[in-house]
Amino acid sequence: MPRRPLGQLEAEVLAALAGLGGHASTAEIVARLDGDPAYTTVNTILHRLHEKRLVSRTRSGRSYRYRLAVDESALVAGRMHDQLRHASDPGGVLSRFARSLSADEARALREFLDVADRPEDAG
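The text that follows walks through the structure, step by step, so that each part is easy to find.

Reading the values: the criteria
- Residues numbered from 1 in each chain as written.
- Predicted model: local features only at pLDDT ≥ 70, side-chain atom pairs only at ≥ 80, totals over all residues.
- Heavy atoms only, no water.
- Helix = DSSP H or I, 4+ residues; strand = E, 2+ residues; numbered from the N terminus.
- Buried < 20%, exposed > 50% of the residue type's maximum accessible area, 1.4 Å probe, protein only.
- Contact = heavy atoms within 4.5 Å.
- Areas by Shrake-Rupley, 256 points an atom, 1.4 Å probe, with all protein chains shown as cover.
- Patch = residues over 30% accessible without salt bridge, like charges linked within 9 Å, V, L, I, M, F, W, Y side chains within 5 Å.
- Salt bridge = Lys/Arg side-chain N within 4 Å of Asp/Glu carboxyl O.
- Core = buried A, V, L, I, M, F, W, Y, C linked by side-chain atoms within 4.5 Å.
- Pairing = 2+ DSSP bridges.
- Axes fitted to C-alpha atoms, helices over the stretch in contact; angles between N-to-C directions.
- Expected span 1.5 Å × (residues − 1).
- Arc of directions from axis to C-beta.

Tallying secondary structure elements over the chain gives six helices and three strands in all. Of the regular secondary structure in the chain, the N- to C-terminal order runs α-β-α-α-β-β-α-α-α. Of all 123 residues assigned to the chain, the portion counted as buried reaches 18%. Once local pairs closer than 6 in sequence are excluded, the contacts in the chain between residues at least 24 apart make up 45%. Surface exposure of the chain reaches about 9000 Å², of which carbon and sulfur atoms provide 52%.

Written as structure tokens, this is what we have:
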């Protein structure tokens, strides 16, 4: 199996943690990840995320339970915006992204854009 880039694994760990809600152990997070990553790898990623202040942790016996310390939506949107800002053709990237969306995702995006386009004083 090909190895994931660390940034991708960090994102997957954050998404798994968000999906679990509340506090979660390393083992619970590992169980939600595709590709059966090693427990020690996920534990290392969680330690790094804690150092970056993206997750908080509380002691639970000899291990920790983790919780998101940031808003997942804002974090992912910020990453997407950073990638767009570095693209030589942001319009092309947006076009390709929009074409890759499922029908439900595209509908949700249209709804968000319609709301964003409305003047504030329109009711």
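What follows covers unusual backbone geometry. In this structure, D36 takes a positive phi of about 50 degrees despite not being glycine. With respect to the helices, strands and loops of the structure, D36 is situated in the loop between α2 (26-32) and α3 (39-51). Here the phi dihedral of R53 falls at roughly 65 degrees; this positive angle occurs in a residue that is not glycine. Tracing the backbone shows R53 in the loop between α3 and β2 (55-60).

Quick look at a nonpolar patch on the surface now. Taken together, the side chains of V76, M80, F97, L109 and L113 make up a nonpolar region of the molecular surface, amounting to roughly 400 Å² of accessible area. Locating V76 in the fold gives a position in helix α4 (residues 72-86).

A few words on the nonpolar core. Core analysis: the largest hydrophobic core is formed by 16 residues, its most contacted members being V13, I29, L33, V42 and L49. For this core, the element with the most residues is helix α1 (residues 6-20), which contributes five residues. V13 has contacts with I29, L33, V42, I45, L46 and L49, leaving out every residue within four places of it along the chain.

Summed over the entire model, instances satisfying the criterion amount to four salt bridges. In this structure, E28 and R65 form a salt bridge, with 3.1 Å as the shortest nitrogen-oxygen distance. Taken together, the positions of E28 in helix α2 and R65 in strand β3 (residues 63-68) put the pair 37 residues apart, joining distant regions of the chain. Between D82 and R85 there is a salt bridge whose closest N-O contact spans 2.4 Å. A residue pair is termed a helical-turn pair when its members lie 3 or 4 positions apart in one helix, as D82 and R85 do in helix α4 at three residues. We classify R85 as exposed; its relative accessible area is 53%.

This part takes up the sheet that holds β2. Here we have three strands laid out as an open sheet, ordered β1-β3-β2, and antiparallel in their pairing. Every other strand in the sheet has two partners, leaving β1 (24-25) and β2 as the edge strands with one partner each. In this structure, β2 lies alongside β3, joined through six bridges in antiparallel fashion. Bridge pairing in β3 places R59 opposite Y64. The strands that α3 touches are β2 and β3; relative to β2, the one it contacts most, it runs at about 120 degrees.

Okay, α3 next. Taking 1.5 Å per residue, 13 residues should reach 18 Å; α3 reaches 18 Å between its end C-alpha atoms and fits that length. Within α3, the full set of buried residues consists of V42, I45, L46 and L49. Within α3, the buried residues cover an arc of 100 degrees as seen down the axis, which keeps them to one side. Within α3, the exposed residues directed more than 90 degrees away from the buried face are T40 and E51. Where α3 ends, the next residue or the one after it, R53, has phi of about 65 degrees, a positive value.

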